[in-house]
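# Fold and contact review
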Amino acid sequence: MRRRTVLTRALAAGTAAVVGTDTAAAVPATRLEDVLFHLPSGEPAPLQTLATRTAAAREAFTAARYTRLGAALPSLLAAAEATRDAATGRARQQASAILARAYVLTAELAVKEHSDAAWVAADRALAAARASAMPVPIGEASRVLAITMRRSGRSAAAVRLLTHEAGSLDPAEARTGAVRTSLLLTAAYSAAAGRDRTTALALLDEAEEDVERRPDAPGGLFTVEATRAQVEGYRISVHNALGTPDEAVSVARGLNVNLMPTAERRARAWTDTARMWHALGDGTQAFAALHRVEQEASQEVRRPALRALTSNLLYGPTRLPGLREFAVRTGAVPA
């Protein structure tokens, strides 16, 4: 009852070509904008073909192969738009759900590159998801829209959106319940970004309770799993955002990152661990965590946020063997 009260209170509170290889930097933000505003012409495709292509694009994202994803997006979005426009009835709803997921992936990639194109992609994702009338795509699209809101400084609004969508989902049903958990996790991080400690920790606890009720149903959103390991990963993120990284140390030490099923999520967990150690002034462990990010997903360490963290370590007070070579290799400093 206390967790549900927290949720209720939160409700009321106010790229057209491959760039290099898969180990190169992700698609530039400007190319994402070109993709969104200048889609190539596309022809309708069978729904199964479109679903298979979208699944392949999702696999590229979860494997952190962002250049491959960027190369696939233009034709995928064009075909999905054309298929949706040509369909009627149930087929149109199904095509809308696929289109929503294609735009979710576009928004995820834009967020990785700190591109404002994420706003456009997330808005289109939610519009398509609502047209599908399917709760899971709506939850997926709501999450990426909330992320763009949070990144623009609208953390409270992001929490309201996420908790509203979470509150509309049945926690007892395996699939929608897992989506609800994932929305609560993103809401917790959004609240932390707004320095609302009480709401952030309460939403984390509620998400953990959801996972405990469904230990054998680790599903979730299109790009995020709803598992105990994921909850613990978010707990590190939340404490980093709250400015209390010391409270995340025991969590990080007890987290088995290998339990996370995708390279993108494992890299994210190591990224948050690196940020935690950096905030605590331990450059050695922060650099070790960055090495783990690179091992999991080489393109992750070339993202703007990770290059900035690497640069901060390089010019920090501690001399770390191998750091300059790492910084050059990942593009944090020129060769």
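Residues numbered from 1 in each chain as written. Predicted model: local features only at pLDDT ≥ 70, side-chain atom pairs only at ≥ 80, totals over all residues. Heavy atoms only, no water.

### Points about the overall build of the chain
Scanning the chain from N- to C-terminus turns up 16 helices and zero strands. Counting only residues that meet the buried cut, the chain has 57% of its 335 residues in that class. Element-wise, carbon and sulfur atoms account for 52% of the exposed surface of the chain, whose accessible area totals about 13,700 Å². (Helix = DSSP H or I, 4+ residues; strand = E, 2+ residues; numbered from the N terminus. Buried < 20%, exposed > 50% of the residue type's maximum accessible area, 1.4 Å probe, protein only. Areas by Shrake-Rupley, 256 points an atom, 1.4 Å probe, with all protein chains shown as cover.)

### A short note on helix H11 (residues 228-242)
An ideal rise of 1.5 Å per residue puts 21 Å on 15 residues; H11 measures up with 21 Å between its terminal C-alpha atoms. In the segment just after H11, glycine 243 is the residue with positive phi, at about 80°. (Expected span 1.5 Å × (residues − 1).)

### Points about the side chain of serine 155
Positionally, serine 155 belongs in helix H8 (residues 155-167). Once residues within four sequence positions are removed from consideration, serine 155 is found in contact with Met149, Arg150, Ser190, Ala193 and Gly194. (Contact = heavy atoms within 4.5 Å.)

### Comments concerning the packing of aromatic side chains
Tallied over the full model, the rule gives two aromatic pairs. An angle of 50° between the planes, with centres 5.9 Å apart, marks the rings of phenylalanine 61 and tyrosine 66 as tilted. The pair formed by phenylalanine 61 and tyrosine 66 is uniform in burial state, with each residue classed as buried. For the ring pair phenylalanine 287 and phenylalanine 326, a centre distance of 5.4 Å and an interplane angle of 80° mean the geometry is edge-to-face. Remark: phenylalanine 326 occurs in helix H16 (residues 323-329) and phenylalanine 287 occurs in helix H14 (residues 283-296); sequence separation between them is 39 residues. A residue is classified by how much of its surface remains accessible, and phenylalanine 326, at 0% relative accessible area, is buried. Residue placement shows arginine 268 over the ring face of tyrosine 189; its charged tip is 5.6 Å from the ring centre. (Phe/Tyr/Trp six-rings, centres within 6.5 Å; stacked < 30°, edge-to-face > 60°. Lys NZ or Arg CZ within 6 Å of the ring centre and 35° of its normal.)

### Topic: helix H3 (residues 47-62)
With 16 residues, H3 should cover 22 Å at 1.5 Å per step; its first-to-last C-alpha distance of 22 Å lies within 8% of that length. Taken residue by residue, H3 has Leu50, Thr54, Ala57, Ala60, Phe61 and Thr62 as its buried positions. Positioned one or two residues after H3, alanine 64 has a phi angle of 60°, which is positive.

### What about the packing of H14 against helix H15 (residues 304-314)?
Their axes nearest at 11 Å, the elements H14 and H15 cross at an angle of 145°. Handedness of the H14/H15 crossing: left-handed. Listed contacts from H15 to Gly283, Ala286, Phe287 and Leu290 of H14 are Leu306, Leu309, Thr310 and Leu313. The residue inventory of the contact of H14 with H15, partitioned by class, reads six nonpolar, two polar and no charged. (Axes fitted to C-alpha atoms, helices over the stretch in contact; angles between N-to-C directions. Left-handed = near helix turned anticlockwise from the far one by under 90°. Nonpolar A, V, L, I, M, F, W, Y, C, P; charged D, E, K, R; others polar.)

### A short note on the packing of H11 against helix H13 (residues 263-279)
The contact between H11 and H13 brings their axes to 9 Å, and the two run at 35°. The handedness of the crossing between H11 and H13 comes out as left-handed. Of the residues in H13, those touching H11 at Gln230, Gly233, Tyr234, Ile236, Ser237 and Asn240 are Arg265, Arg268, Asp272, Thr273, Arg275 and Met276. In the contact of H11 with H13, the residues fall into three nonpolar, five polar and four charged.

### Description of the side chain of arginine 303
When you line up the elements, arginine 303 lands in the loop between H14 and H15. Residues contacting arginine 303, with those up to four places away along its chain left out, are Lys112, Glu113 and His114.

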